[in-house]
Amino acid sequence: MTSATAGGTAPVPPARTRKSVTGTRRTVAVLFLLPCLVLLGALVVYPIGYSLIRSFLNQSGDGFAGVDNYKALFTDDGIRTALKNNVIWVVFAPTVATALGLVFAVLTERVRWGTAFKLVVFMPMAISMLAAGIIFRLVYDQDPHKGVANAVWVGVHDTFAESSAFPNAHPGRQSPLRPEKGGFLTRQAVHAGQSVSLPLVGVAPDKMPGGAKKAVQAPSEPGKVTGTAWQDFTRGKGVGRLGQVDPGELGYPGMKIEAVKDGKIVDSAKVRDDGTFTLSDKADGARLRLPASNFREPYNGVDWLGPSLVTPAVIGAYVWMWAGFAMVLIAAGLAGVPRELLEAARVDGANEWQVFRMVTVPLLAPVLAVVLVTLMINVLKVFDLVFIIPPGSSQDDANVLALELYRKGFSEDQPGIASAIAVFLLLLVIPVVWFNVRRLRREVRR
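The structure presented is a predicted model; accordingly, all values stated were derived computationally and were not measured.

## Section: the sheet that holds strand S1 (residues 177–180)
Here is step 1 of the chain: Pairing is antiparallel across the open sheet formed by five strands, whose spatial order is S1-S2-S8-S5-S6. This sheet does not close on itself; its edge strands, each paired only once, are S1 and strand S6 (264–270). Taking the axes of each pair of neighbouring strands and ignoring which way they run, one obtains an average angle of 30° across the sheet.
Here is step 2 of the chain: Relative to S6, strand S5 (residues 256–261) is paired through six bridges, and the arrangement is antiparallel. Bridge pairing links Glu258 to Ser268 in S6.

Here's what the structure looks like:
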């Protein structure tokens, strides 16, 4: 171009095609992004749009239903239970998992085998939700011989309150015992020098304690009350003698015998392996009582998958899986915390709890927010564990929105309500995602 004339304006340079920072033309970038955009539209945008439209149609899809499907979200009992459980999930599951992850991350920094511990805690993340559900269905089994949770619980319980070995024992025909407050009491008073027979029935041979020995008739002793408590399995004429110790009959080892006089226990004893017992002269003139503790049903533990505990039990399985995820992210954030700040706090006289609460946690706040928000989004769509772990009798009590969506869409053939639930779940996730995006933008500005 010619130079500008005196007094004239400077020539305008020709416009150039704008390029990105890396020098890539916009059209080339679009071409590379096109396959991804097509897949995104087909797998994300289209399903969302279709679900939104379908949520306003009736169940057959050929008529407009207005907001009737959305009204069902607040009137259907199953959906209301699912909403309540989702609130419990969002409040407790991410909080507990994040708190455990924080504790694990801080403590493993102080032990030599911290890496091995992190590996063990993180390992459940390698297990699928389906496999974890099957594992915890077995863990929570009601039978203490199968379920680990109840095996531990029953073991602890029986340490402090031992269960009876004779829950089904009771007096037979022509018995000298009568029922009394869950146990049994002799009809007549006993006297020193007397040998008392206390026959019982009702315990299957394979349920007798392993230490039970063949019963013997206790000999009388001067100044003492003796007796025998045993399994009298007389079946009829010619098969054993009713109310008498026969060969092959077993004693009731460990059964408690109390001597009661004027409503007070004056003496007590435990039955030996051969069924015999001995009371002192204090029992003279008293009645013998077999207290209810002898016949207490075995403690079977907690009904973890019953209606009242099924949701906390499933949340426990979720925390087991995701606490390792929280720990790894928090440990990565902890590695970036300036050590001089922690040392300065200790030099200023802060104890370890104060350092943790006043320094470590505030510095980890951005990481904790990421973990918490990620887990909140995750629990809003939890499905696998709730579908697998609860038995059919309590699955309604453990119901969540994702499971109810599946039920309405595939089991009950109500696609309109299922679509409304899907849209509702999307609306619940959007505020959490928006909060996360805002937080990330603030981090970038810093």
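## Focus: the sheet that holds strand S7 (residues 276–279)
Adjacent strands of a sheet pair through backbone hydrogen bonds, lying either parallel or antiparallel.
Here is step 1 of the chain: Judged by pairing direction, the sheet is mixed, and its three strands sit side by side in the order S3-S4-S7 without closing on themselves. Strand pairing shows two members of the sheet lacking a second neighbour, strand S3 (195–200) and S7, which therefore form its edges. For this sheet, the mean angle separating the axes of adjacent strands, direction not counted, is 20°.
Here is step 2 of the chain: Pairing of S3 with strand S4 (residues 225–231), which is carried by six bridges, proceeds in the parallel orientation. Bridge pairing in S4 places Pro199 opposite Trp230.

## Some words on the side chain of Asn86
Here is step 1 of the chain: The topology assignment puts Asn86 in helix H3 (residues 77–108).
Here is step 2 of the chain: Among the residues examined, Asn86 registers a relative accessible area of 4% and is labelled buried.
Here is step 3 of the chain: Separated by 2.7 Å, the side chain of Asn86 and the backbone nitrogen of Leu401 make a polar contact.
Here is step 4 of the chain: When sequence neighbours within four positions are dropped, the list of residues in contact with Asn86 reads Val379, Leu380, Val400 and Leu401.

## Section: a positive patch on the surface
Here is step 1 of the chain: Together, Arg438, Arg441, Arg442 and Arg445 line one region of the surface with positive charge.
Here is step 2 of the chain: On the secondary structure map, Arg445 appears in helix H13 (residues 415–445).

## Re the pairing of strand S2 (residues 183–186)
Here is step 1 of the chain: The side-chain alternation of S2 yields two buried faces, one formed by Gly183 and Leu185 and the other by Phe184 and Thr186.
Here is step 2 of the chain: Counted along the chain from S1 to the antiparallel partner S2, the turn is two residues long, and its residue Lys181 has a positive phi close to 50°.
Here is step 3 of the chain: Alignment of S2 against strand S8 (residues 287–290), held across two bridges, turns out to be antiparallel. Counted as the bridge partner of Phe184 is Leu290 from S8.

## Quick notes on the pattern of salt bridges
Here is step 1 of the chain: A complete count under the given rule lists 14 salt bridges for this structure.
Here is step 2 of the chain: One salt bridge in this structure joins Lys224 and Glu221, with 4.0 Å as the shortest N-O distance.
Here is step 3 of the chain: Accessibility expressed as a relative area gives 36% for Lys224, which makes it partly exposed.
Here is step 4 of the chain: The salt bridge involving Glu352 is made with Arg346; its shortest N-O contact spans 2.8 Å.
Here is step 5 of the chain: Look at Glu352 and you get partly exposed, because its relative accessible area is 38%.
Here is step 6 of the chain: Classification of Arg346 by relative accessible area gives partly exposed; the value is 26%.
Here is step 7 of the chain: Taken together, the shared-partner salt bridges connect Asp76, Asp396, Glu404, Arg407, Lys408 and Glu412 into one network.

## Re the packing of helix H12 (residues 401–411) against H13
Here is step 1 of the chain: The geometry of H12 relative to H13 is characterised by a closest axis approach of 7 Å and an angle of 160° between their N-to-C directions. When the axes of H12 and H13 are compared, the pair comes out roughly antiparallel. The two elements H12 and H13 meet at a crossing, and its hand is left-handed. Seen from H12, the contacting residues are Leu401, Ala402, Glu404, Leu405, Lys408 and Gly409; seen from H13, they are Pro415, Ile417, Ala418, Ile421, Ala422, Phe424, Leu425 and Leu428.
Here is step 2 of the chain: For the contact of H12 with H13, a count of residues per class yields 11 nonpolar, one polar and two charged.

## Here we look at the packing of helix H9 (residues 352–363) against helix H10 (residues 365–380)
Here is step 1 of the chain: Remark: H9 packs on H10, axes separated minimally by 4 Å, with the N-to-C direction vectors making an angle of 60°. Classed by the angle they form, the pair H9 and H10 counts as oblique. Contacts between H9 and H10 pair Val361, Pro362 and Leu363 from the former with Ala365, Pro366 and Leu368 from the latter.

## Some words on unusual backbone geometry
As a rule of thumb, non-glycine residues mostly have phi less than zero, and peptide bonds are mostly trans rather than cis.
Here is step 1 of the chain: A positive phi angle is found at Asp262, which is not glycine, with a value near 55°.
Here is step 2 of the chain: As for its position among the elements, Asp262 is in the loop between S5 and S6.
Here is step 3 of the chain: Its relative accessible area of 76% is what places Asp262 among the exposed residues.
Here is step 4 of the chain: A positive phi angle, near 50°, is found at Asp413, a position not held by glycine.
Here is step 5 of the chain: The residue Asp413 is located in the loop between H12 and H13 in this model.

How each quantity is defined
- Residues numbered from 1 in each chain as written.
- Predicted model: local features only at pLDDT ≥ 70, side-chain atom pairs only at ≥ 80, totals over all residues.
- Heavy atoms only, no water.
- Pairing = 2+ DSSP bridges.
- Helix = DSSP H or I, 4+ residues; strand = E, 2+ residues; numbered from the N terminus.
- Axes fitted to C-alpha atoms, helices over the stretch in contact; angles between N-to-C directions.
- Buried < 20%, exposed > 50% of the residue type's maximum accessible area, 1.4 Å probe, protein only.
- Polar contact = N/O pair within 3.5 Å; in protein donor to acceptor, adjacent residues only side chain to side chain.
- Contact = heavy atoms within 4.5 Å.
- Patch = residues over 30% accessible without salt bridge, like charges linked within 9 Å, V, L, I, M, F, W, Y side chains within 5 Å.
- Areas by Shrake-Rupley, 256 points an atom, 1.4 Å probe, with all protein chains shown as cover.
- Salt bridge = Lys/Arg side-chain N within 4 Å of Asp/Glu carboxyl O.
- Lys, Arg positive; Asp, Glu negative; His and termini not counted.
- Charge placed at Lys NZ, Arg CZ, Asp CG, Glu CD.
- Parallel < 35°, antiparallel > 145°, perpendicular 65-115°, else oblique.
- Left-handed = near helix turned anticlockwise from the far one by under 90°.
- Nonpolar A, V, L, I, M, F, W, Y, C, P; charged D, E, K, R; others polar.

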